[in-house]
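# What the coordinates show
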Amino acid sequence: MSLTFYNNKCSSFAKTVSDEVAAAMKKDPTIAAGLLRMHFHDCWVRGCDASVLLSGPNSERQAGPNLSLRGFQVIDTIKSKLERSCRGVVSCADILTQATRDAVVKTNGPFWRVKFGRRDGRSSNFNEANHLPSPFEDANGLLAKFAAKGFTAEEMVLLQGGGHSIGVGHCPFFRDRYSNFSGTAQPDPALNPTHAIFLKASCDPNGNAAVPNDHGSAHLLDNHYFLNIQKGKGLFNSDQEFYSDSRTRKSIDKYAASSDKFYLDFIKAMEKMSELGVLTGSHGSIRTHCAIAK
Ligand code: HEM
């Protein structure tokens, strides 16, 4: 993996990705969140190998946590342009990683330099994708899942808080928190009562509306989400759990207090995530179409 991997192989790579991300975000600025989440879900299952982009029966794309992923079209468009200018050279995994970085920068988020050389996986794992972290999980379960992927508690807080500072969550993922938390017929005691009223008003009783993850700063990737968590205004139980647990609470306080610290450490955590279990050298392949293994 190197910063200069495509310099002599595909000089149009960086510009093609950044132009296409800019065009996609002009049409829909929230697509940045779609790409960031897709990148996370890709890296989580068998590494950052673009397996999440493969379609077909029993693919990761069909697993529950991936049904609301969005941004596939952005990657497909970039890929088809790069296949015209640099045939068979650029992996879908590198495209998704770079497109995510570019999209994050466009949400006022931090810049970091991406290393390239990822190759594409040949298989997709439906079962593992179904075990992605769940919004209904408690801190113990989430800490164990992230530790198994090599992340510290602080890195988990950074990635989740940065990720959830943009984009949306659909009501079924948090409805229980304002209506019937853990079968008590009462709201989650950790949920701010004003926020509970806002969430209830934003969701139909049985509908699937989407609510901004980061109330008050929905489109900027910043440390604002941590301030919300401190006030009990997190969306998911999983987010709020990190403020109740002593192993993660101090990181939330630290990053809520300093935007600079948050950006510096978020970058490092993103770099680590984007290099999880990558296939390099002669492993994997360079797909022609990101949705089809070859
Ligand atoms: C503790 C682990 C995590 C859990 C349980 C979790 C869960 C969720 C859920 C349930 C949604 C709502 C999806 C929807 O309604 O469409 C969501 C959205 C999102 N998540 Fe996470 N997530 C976690 C960590 C992360 C990480 C590590 C990142 C990125 C680094 C991330 C980035 C995002 C983004 C950007 C969205 C908004 C997506 C959109 O607007 O389409 N999440 N997450």
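The model shown is predicted, which means the values in this text are computed figures rather than measured ones.

Our next topic: the site of the ligand. In the vicinity of the ligand, 23 residues are found, and the nearest of them are Ser68, Arg70, His164, Val168 and His170. The separation between a nitrogen atom of the ligand and a polar side-chain atom of His164 is 2.9 Å. Applying the majority rule of atoms within 2 Å of the grid points places the ligand in the largest pocket. Within the residue set of the shell around the ligand, elements represented by two or more residues are helix H2 (31–44), helix H7 (153–163) and strand S1 (168–170). The leading source of residues in the shell around the ligand is H2, at four residues.

The next thing to look at is the coordination of the iron atom of the ligand. Angles at a metal have ideal values that depend on geometry: 109.5 degrees with four tetrahedral donors, 90 or 180 degrees with six octahedral donors. Of all protein atoms, His164 (NE2) alone acts as a donor to the iron atom of the ligand, lying 2.1 Å away. Position of His164 among the secondary structure elements: in the loop between H7 and S1.

Let's shift gears to the state of the cysteines. One way to say it: the disulfide is the covalent bond shared by the sulfur atoms of two cysteines. Applying the stated criterion across every chain, the model contains four disulfides. Disulfide pairing places Cys10 opposite Cys86 at an S-S distance of 2.0 Å. Judged by the torsion about the S-S bond (75 degrees), the Cys10/Cys86 disulfide is right-handed. Here Cys10, found in the segment before helix H1 (13–27), pairs with Cys86, found in the loop between helix H3 (72–85) and helix H4 (92–106); they are 76 residues apart in sequence, far enough to count as distant. No difference in accessibility class separates Cys10 from Cys86, as the two residues are buried. Here Cys171 pairs with Cys203 through a disulfide, and the sulfurs are 2.0 Å apart. Between Cys171 and Cys203 the sulfur-sulfur dihedral comes to about -85 degrees; the bridge is accordingly left-handed. In this pair, Cys171 sits in the loop between S1 and helix H8 (175–179) while Cys203 sits in the loop between helix H9 (193–202) and strand S2 (210–212), placing the two residues 32 residues apart along the sequence. Of the two residues, Cys171 and Cys203, both sit in the buried class.

Of the voids in this model, the largest pocket is the one considered here, and its volume is about 790 Å³. Along its surface, the largest pocket is lined by 38 residues, and Arg37, Phe40, His41, His164 and Phe236 are the ones closest to its centre. At six residues, the largest contribution of residues to the lining of the largest pocket is made by H2. Among the residues forming the lining of the largest pocket, the class breakdown is 20 nonpolar, 14 polar and four charged.

Another aspect to go through is the packing of aromatic side chains. Aromatic rings considered in pairs are described by the distance between their centres and by the relative angle of their planes. A full pass over the atoms with the stated rule returns 13 aromatic pairs. Taking 5.6 Å as the distance between ring centres and 50 degrees as the angle between the ring planes, the aromatic pair formed by Tyr6 and Phe116 counts as tilted. Of this pair, Tyr6 sits in the segment before H1 while Phe116 sits in the loop between H4 and helix H5 (126–129); the two residues are 110 residues apart in sequence, bridging distant segments of the chain. Given a relative accessible area of 3%, Tyr6 falls into the buried group. With a relative accessible area of 6%, Phe116 lands in the buried category. Where Phe226 meets Tyr255, the ring centres are 6.1 Å apart and the plane angle is 40 degrees; that geometry is what we call tilted. Residue Phe226 is found in helix H10 (residues 224–230), and its partner Tyr255 is found in helix H12 (residues 246–257); the two are separated by 29 residues along the sequence. These aromatic residues form a ring-pair network of at least three members: Phe226, Tyr255, Phe262, Tyr263 and Phe266. Geometry around Phe72 places Arg61 over its ring, the cationic atom sitting 3.8 Å from the centre. Over the ring of Tyr243 we find Arg249, and its NZ or CZ is 4.0 Å from the ring centre.

Cut-offs and rules
- Residues numbered from 1 in each chain as written.
- Predicted model: local features only at pLDDT ≥ 70, side-chain atom pairs only at ≥ 80, totals over all residues.
- Heavy atoms only, no water.
- Near = heavy atom within 4 Å.
- Polar contact = N/O pair within 3.5 Å; in protein donor to acceptor, adjacent residues only side chain to side chain.
- 1 Å grid on protein atoms, 1.4 Å probe; cavity = no way out; pocket = protein on both sides within 12 Å on 5 of 7 lines; lining within 4 Å.
- Sits in = over half its atoms within 2 Å of the grid points.
- Helix = DSSP H or I, 4+ residues; strand = E, 2+ residues; numbered from the N terminus.
- Donors = N, O, S within 2.8 Å, 3.2 Å for Na, K, Ca; no water.
- Disulfide = S-S within 2.5 Å.
- Buried < 20%, exposed > 50% of the residue type's maximum accessible area, 1.4 Å probe, protein only.
- Points joined across faces, edges and corners; volume = space filled by probe spheres on them.
- Nonpolar A, V, L, I, M, F, W, Y, C, P; charged D, E, K, R; others polar.
- Phe/Tyr/Trp six-rings, centres within 6.5 Å; stacked < 30°, edge-to-face > 60°.
- Lys NZ or Arg CZ within 6 Å of the ring centre and 35° of its normal.

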